[in-house]
Amino acid sequence: EEGHLGVEFKNKLKTPKSKAIYPLIPVIKKHLQELKLKQEENERLLGDAYVKSSFICIWNDGRLFSPDYVSDKFSKFIKQNNMKHIRIHDLRHSCGSLLLDIGFSMKQIQEWLRHSNYQTTANIYAHNVHNTKKSIVDKLEELLPIQEVAC
């Protein structure tokens with residue numbers, strides 16, 4: 001398909017197993033449904049001038065965003081809000097870390113992030129295990145209020 005500035009894009013997955021289906025939280029589902037209605041209206045208004053595709057990230061006339069558009073916007077947002085620089089891909093790591101911190105297992109995180117094997121997930125998020133262990137110690141301290149230990 002042809003996108004922004006005439007750049008050709010291939011709608012091709014990295015591997016056959018790359019296709020994934022995730023449930024949507026209601027606010028995201030609602031937003032995507034509204035976006036679809038807006039795109040259908042734009043197509044109706046523009047007729048033949050509208051570029052048809054099955055992509056979500058498109059201009060009002062249906063042309064695709066360039067591949068780096070979202071990353072560029074993300075970088076500008078980070079800079080404008082005086083935040084520490086991270087790449088948009090780093091949000092995957094933040095997601096994995098947050099999932100671990102709120103109690104999901106490494107296996108569940110592996111499946112969510114679609115790592116091909118458990119070891120990849122464990123190696124990337126092993127540093128977060130200390131936080132999990134600290135949480136366990138805190139809970140044990142609540143359950144076992146020992147005032148003093150005699151040795």
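A brief look at the structure comes next. (Residues numbered from 1 in each chain as written. Predicted model: local features only at pLDDT ≥ 70, side-chain atom pairs only at ≥ 80, totals over all residues. Heavy atoms only, no water.)

### Describing the overall build of the protein chain
Here comes step 1: Looking only at helices and strands, one finds six helices and zero strands in the protein chain.
Here comes step 2: The linear arrangement of helices and strands in the protein chain, starting from the amino end, is α-α-α-α-α-α.
Here comes step 3: Burial statistics for the protein chain: of 151 residues in total, 18% are counted as buried.
Here comes step 4: Excluding contacts between residues fewer than 6 apart, the proportion of contacts in the protein chain whose partners are at least 24 apart in sequence is 35%.
Here comes step 5: Counting every atom, the protein chain has about 12,500 Å² of accessible surface; 59% of that belongs to carbon and sulfur. (Helix = DSSP H or I, 4+ residues; strand = E, 2+ residues; numbered from the N terminus. Buried < 20%, exposed > 50% of the residue type's maximum accessible area, 1.4 Å probe, protein only. Contact = heavy atoms within 4.5 Å. Areas by Shrake-Rupley, 256 points an atom, 1.4 Å probe, with all protein chains shown as cover.)

### Some details on helix 3 (residues 90-101)
Here comes step 1: Helix length check: helix 3, at twelve residues, gives a terminal C-alpha distance of 17 Å against a target of 16 Å (1.5 Å per residue), a fit within 8%.
Here comes step 2: Within helix 3, the full set of buried residues consists of D90, G96, S97, L99 and L100.
Here comes step 3: Just beyond helix 3, the residue with positive phi is G103, at close to 110°. (Expected span 1.5 Å × (residues − 1).)

### What about the side chain of H115?
Here comes step 1: Note on placement: H115 falls in the loop between helix 4 (106-113) and helix 5 (118-125).
Here comes step 2: The buried category is assigned to H115, whose relative accessible area is 15%.
Here comes step 3: A distance of 3.5 Å separates polar atoms of two side chains, one belonging to H115 and the other to R92.
Here comes step 4: At a separation of 2.6 Å, a polar atom in the side chain of H115 contacts the side chain of T121.
Here comes step 5: Every residue in contact with H115, bar those within four places of it in the chain, is listed here: R92, Q110, T120, T121, I124 and Y125. (Polar contact = N/O pair within 3.5 Å; in protein donor to acceptor, adjacent residues only side chain to side chain.)

### Section: the packing of helix 4 against helix 5
Here comes step 1: Closest axis-to-axis distance for the helix 4/helix 5 pair is 9 Å, and the angle between their directions is 105°. When the axes of helix 4 and helix 5 are compared, the pair comes out roughly perpendicular. From helix 4, M106, K107, I109, Q110 and L113 reach across to helix 5, where they touch Y118, T121, A122 and Y125.
Here comes step 2: Class assignment of the residues belonging to the contact of helix 4 with helix 5 gives a composition of six nonpolar, two polar and one charged. (Axes fitted to C-alpha atoms, helices over the stretch in contact; angles between N-to-C directions. Parallel < 35°, antiparallel > 145°, perpendicular 65-115°, else oblique. Nonpolar A, V, L, I, M, F, W, Y, C, P; charged D, E, K, R; others polar.)

### Focus on the layout of surface pockets
Here comes step 1: In this structure, the largest pocket encloses a volume near 770 Å³.
Here comes step 2: The wall of the largest pocket is formed by 15 residues, among which L13, S18, K19, A20 and Y22 lie closest to the centre.
Here comes step 3: Tallied by class, the residues present in the lining of the largest pocket amount to seven nonpolar, three polar and five charged. (1 Å grid on protein atoms, 1.4 Å probe; cavity = no way out; pocket = protein on both sides within 12 Å on 5 of 7 lines; lining within 4 Å. Points joined across faces, edges and corners; volume = space filled by probe spheres on them.)

### Examining the environment of Y125
Here comes step 1: As for its position among the elements, Y125 is in helix 5.
Here comes step 2: Residues within four places of Y125 in sequence aside, it is in contact with R92, H93, G96, S97, L100, M106, L113 and H115.

### Quick word on the pattern of salt bridges
A side chain of one charge can pair with a side chain of the opposite charge if their charged atoms are brought near each other.
Here comes step 1: Counted by the stated rule, this structure contains six salt bridges.
Here comes step 2: When the shortest N-O distance is used, the salt bridge between E41 and R44 registers 2.7 Å. Separated by three residues within a single helix, E41 and R44 lie in helix 1 (residues 26-46), roughly one turn from each other.
Here comes step 3: A residue is classified by how much of its surface remains accessible, and E41, at 33% relative accessible area, is partly exposed. (Salt bridge = Lys/Arg side-chain N within 4 Å of Asp/Glu carboxyl O.)

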